[in-house]
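# Inside the fold
Spelled out, the chains give:
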Amino acid sequence: MAQLHWILLLSALLSFVHALDASTGDADPIYKACVDQCEKTGCVGEKCFQHCKFSSDGKSIDGPWYLQEPLYLRWKQWDCRSDCRYQCMLAREEEREQLGHKPVKYHGKWPFQRVYGIQEPVAVALSALNLAMQFHGWLSFFILVYYKLSLRHDKKTYYEYTGLWHIYGILSMNSWLWSAVYHSRDVELTEKLDYSSAVALLGFSLILAIMRAFNVRDEAARIMVAAPVIAFVTTHILYLNCYKLDHGLNTKVCVAMGVVQLLVWAIWAGVTRHPSRWKLWFVVVGGGLAMLLEIYDFPPYKGYVDAHALWHAATIPLSYLWWSFVRDDAEFRTSSLLKKSK
Ligand SMILES: [Zn+2]
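All of these numbers come straight from a predicted model, not from anything done at the bench.

### As for the overall build of the protein chain
Broken down by element type, the protein chain carries 10 helices and 2 strands. Along the protein chain, helices (α) and strands (β) appear in the sequence α-α-β-β-α-α-α-α-α-α-α-α when read from the amino end. In the protein chain, which comprises 342 residues, the proportion classed as buried is 28%. Excluding contacts between residues fewer than 6 apart, the proportion of contacts in the protein chain whose partners are at least 24 apart in sequence is 73%.

In structure tokens form, the structure reads like this:
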């Protein structure tokens, strides 16, 4: 019965994906005119930008000759555009607020207040905390399996999933690193790195969920599980990087992979006699609720905290509990294997 509830809740989650809308802010003619004007004059109202000093033929007006190389110029033009978009967005949002309108997205992003040039300071700080939490979890797992629990004669751990959790730890730390970079400055490169790392992590944790829940220990069977998922994830990453960075498609792929692994863990937590299954339940329920935040995307409060930032906040305690489950699992498996061998 509990499983049926889960399936219902998760399919409700999936149907929310359709509610995601395209950004309307950058289609606004007043905003467009502001950006065009700014790229020509280098100013929005009183505010002018250093990066926007071009002459009419596109060459920089000032600066020594070696700074007039095409690459530098392109960089400057690109920086000018980014400054103009930001300033026009702030100006437009202020006008809209006075008219009583709600915030809208610009180029797929909510209007955020920058702090020291950092685009989403709250999300950056939370990503860094997540990174620290993952490192702590992974390190404590490492110390547990290699120094506290007994090892086999060949110096390997009794726990069969040690290697998989190491890869998981590395992929998740990598993913939080790029998340922090991406939220501090969002350009095509940082966006691709963040998305690709997140997809790789989700794909790998799906493999891990299947292997742990179904007790896949045999090498050949592990390859049978991993190969199709790795093939799918690699194709998706290549598609995003080399063909089209399709946000809508990526959200669907990520939510689908997330939902499948939550289901796998939930069903396993329902049938297993594992002593720490309550931790699994907690992470599954918490993860499902946190995923709602990612899907029910609301604008940033005071220009700082949006749904995505809250999602990053929610994953901090969940990661702590998750690694605590992993340590319990290592202890549990090791002690039952030792009992068997005696
Ligand atoms: Zn993020």
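### Some thoughts on the nonpolar core
Ranked by size, the top nonpolar core spans 34 residues in total, and within it Phe-141, Leu-202, Val-284 and Val-326 carry the most contacts. Looking at this core, the elements with two or more residues in it are α4 (121–148), α5 (162–184), α6 (188–213), α7 (219–243), α8 (247–271), α9 (277–295) and α10 (307–341). Considering every element that reaches this core, the biggest residue donor is α6, with 9 residues. Within the second largest apolar cluster, 10 residues are counted, among which are Cys-34, Val-44, Tyr-86 and Tyr-106.

### Focus on the UniProt feature "transmembrane region" (unreviewed entry) in the protein chain
Here the UniProt feature "transmembrane region" (unreviewed entry) sits at residues 122–146, 158–181, 193–211, 223–241, 253–271, 278–296 and 308–326. The straight-line gap between the two end C-alpha atoms of residues 158–181 is 38 Å; of that span, 83% is helix and 0% is strand. Along residues 308–326 the backbone is 100% helical and 0% strand, and the end-to-end C-alpha distance reaches 26 Å.

### Comments concerning α6
Given a rise of 1.5 Å per residue, 26 residues ought to cover 38 Å, and the 37 Å separating the end C-alpha atoms of α6 matches this to within 8%. Two residues or fewer past α6, Asn-215 is found with a positive phi of approximately 55 degrees.

### Examining α8
An α-helical turn contains 3.6 residues, so any two residues separated by three or four positions project in the same direction. The end-to-end C-alpha distance of α8, which contains 25 residues, comes to 36 Å, matching closely the 36 Å that a straight helix rising 1.5 Å per residue would cover. Three or more residues of α8 are buried, namely Cys-254, Met-257, Gly-258, Val-259, Gln-261, Leu-262, Trp-265, Ala-266 and Ala-269.

### Some points on the packing of α9 against α10
Helices that pack against each other are described as a pair by the angle of their axes relative to one another and the distance between those axes. It is at 9 Å that the axes of α9 and α10 come closest, and there the two elements cross at 165 degrees. One way to sum up the angle between α9 and α10 is to call them roughly antiparallel. Here the hand of the crossing between α9 and α10 comes out left-handed. Contact residues: α9 offers Lys-279, Leu-280, Phe-282, Val-283, Gly-286, Gly-287, Ala-290, Leu-293 and Glu-294, while α10 offers Ala-307, His-308, Leu-310, Trp-311, Ala-314, Thr-315, Leu-318, Leu-321, Trp-322, Ser-324, Phe-325 and Asp-328. Split by residue class, the contact of α9 with α10 holds 13 nonpolar, 5 polar and 3 charged.

### What to know about the environment of Trp-278
The residue Trp-278 is located in helix α9 in this model. In sequence terms Trp-278 and Phe-325 are 47 residues apart; their C-alpha atoms lie 9.1 Å from each other.

Calculation notes
- Residues numbered from 1 in each chain as written.
- Predicted model: local features only at pLDDT ≥ 70, side-chain atom pairs only at ≥ 80, totals over all residues.
- Helix = DSSP H or I, 4+ residues; strand = E, 2+ residues; numbered from the N terminus.
- Buried ≥ 20, exposed ≤ 12 C-beta atoms within 10 Å, placed from the backbone.
- Contact = placed C-beta atoms within 7 Å.
- Core = buried A, V, L, I, M, F, W, Y, C linked by C-beta atoms within 7 Å.
- UniProt positions renumbered as here; feature names shortened; annotations may be inferred.
- Expected span 1.5 Å × (residues − 1).
- Axes fitted to C-alpha atoms, helices over the stretch in contact; angles between N-to-C directions.
- Parallel < 35°, antiparallel > 145°, perpendicular 65-115°, else oblique.
- Left-handed = near helix turned anticlockwise from the far one by under 90°.
- Nonpolar A, V, L, I, M, F, W, Y, C, P; charged D, E, K, R; others polar.

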